[in-house]
Amino acid sequence: DPESYSALEAAPNIRVPVLFFHGLDDRFVPCYMSQKNYDACTAKKKLVTVPGAGHGLSYLLDTEGYFKAVREFFPE
């Protein structure tokens with residue numbers, strides 16, 4: 001049941017690196033929710049926000065920036 005799960009409660013237990021992406025124009029999931037999950041996460045982390053991007057559209061709106069963030073966060 002998705003309603004019984006809380007990403008915010010799970011975040012302090014994450015032990016793998018997490019790269020958060022969030023569109024600043026997301027009207028489905030407010031950006032502050034990613035910020036809260038980011039703040040609660042104790043693992044290596046980075047939050048990337050994309051101006052003008054709606055829900056799930058960060059990659060499509062800024063593909064170059066998206067890949068740049070991934071390469072910097074997970075270097076070869």
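Refer to the structure above for everything that follows.
Residues numbered from 1 in each chain as written. Predicted model: local features only at pLDDT ≥ 70, side-chain atom pairs only at ≥ 80, totals over all residues. Heavy atoms only, no water.

(A) A look at the environment of F73. Here F73 is to be found in helix α4 (residues 63-73). A relative accessible area of 6% places F73 in the buried class. Once the C-alpha coordinates of F73 and L8 are considered, the two residues, 65 residues apart in sequence, prove to be 22 Å apart. (Helix = DSSP H or I, 4+ residues; strand = E, 2+ residues; numbered from the N terminus. Buried < 20%, exposed > 50% of the residue type's maximum accessible area, 1.4 Å probe, protein only.)

(B) Up close: the packing of aromatic side chains. Within the structure shown, the criterion is met by six aromatic pairs. Here the aromatic rings of Y59 and Y66 are separated by 5.3 Å at their centres, their planes lie at 85°, and the arrangement is edge-to-face. Of the residues examined, Y66 reaches a relative accessible area of 25% and is grouped as partly exposed. Pairwise contacts between aromatic rings join F21, Y59, Y66 and F67 into one cluster. The aromatic ring of F73 is capped on one face by K44, whose charged end is 4.5 Å from the ring centroid. The ring of Y38 has K45 sitting right over it, with the charged end atom 4.5 Å from the ring centre. (Phe/Tyr/Trp six-rings, centres within 6.5 Å; stacked < 30°, edge-to-face > 60°. Lys NZ or Arg CZ within 6 Å of the ring centre and 35° of its normal.)

(C) How the structure looks around the side chain of D26. By secondary structure assignment, the location of D26 is in the loop between β1 (18-23) and α2 (31-40). Despite its burial, D26 pairs with no opposite charge, the nearest such side chain being R27 at 7.9 Å. A distance of 3.2 Å separates the side chain of D26 from the side chain of H22, its partner in a polar contact. A polar contact is formed between the side chain of D26 and the backbone nitrogen of F28, at a distance of 2.7 Å. Those residues in contact with D26, other than ones at most four positions away along the chain, are A53, G54 and H55. (Lys, Arg positive; Asp, Glu negative; His and termini not counted. Salt bridge = Lys/Arg side-chain N within 4 Å of Asp/Glu carboxyl O. Polar contact = N/O pair within 3.5 Å; in protein donor to acceptor, adjacent residues only side chain to side chain. Contact = heavy atoms within 4.5 Å.)

(D) Structural view of the nonpolar core. Counting residues in each nonpolar core, the largest one holds six residues, listed as L19, V48, V50, A53, A69 and F73. In contact with L19, other than residues within four places in its own chain, are K46, V48, A69, V70, F73 and F74. Counting five residues, the second-largest nonpolar core is a separate cluster that includes A11, V18, F20 and C41. (Core = buried A, V, L, I, M, F, W, Y, C linked by side-chain atoms within 4.5 Å.)

(E) Representation of the pattern of salt bridges in the model. A complete count under the given rule lists two salt bridges for this structure. Close ionic contact of K46 with E72 constitutes a salt bridge, the shortest N to O distance being 3.8 Å. In this pair, K46 is assigned in strand β2 (residues 45-50) and E72 in helix α4, connecting sequence segments 26 residues apart. Its salt-bridge partner being E72, residue K68 comes within 3.3 Å of it at the nearest N-O pair. Of this pair, K68 and E72 both sit in helix α4, separated by four residues, roughly a single helical turn. One network of salt bridges, with partners in common, ties together K46, K68 and E72.

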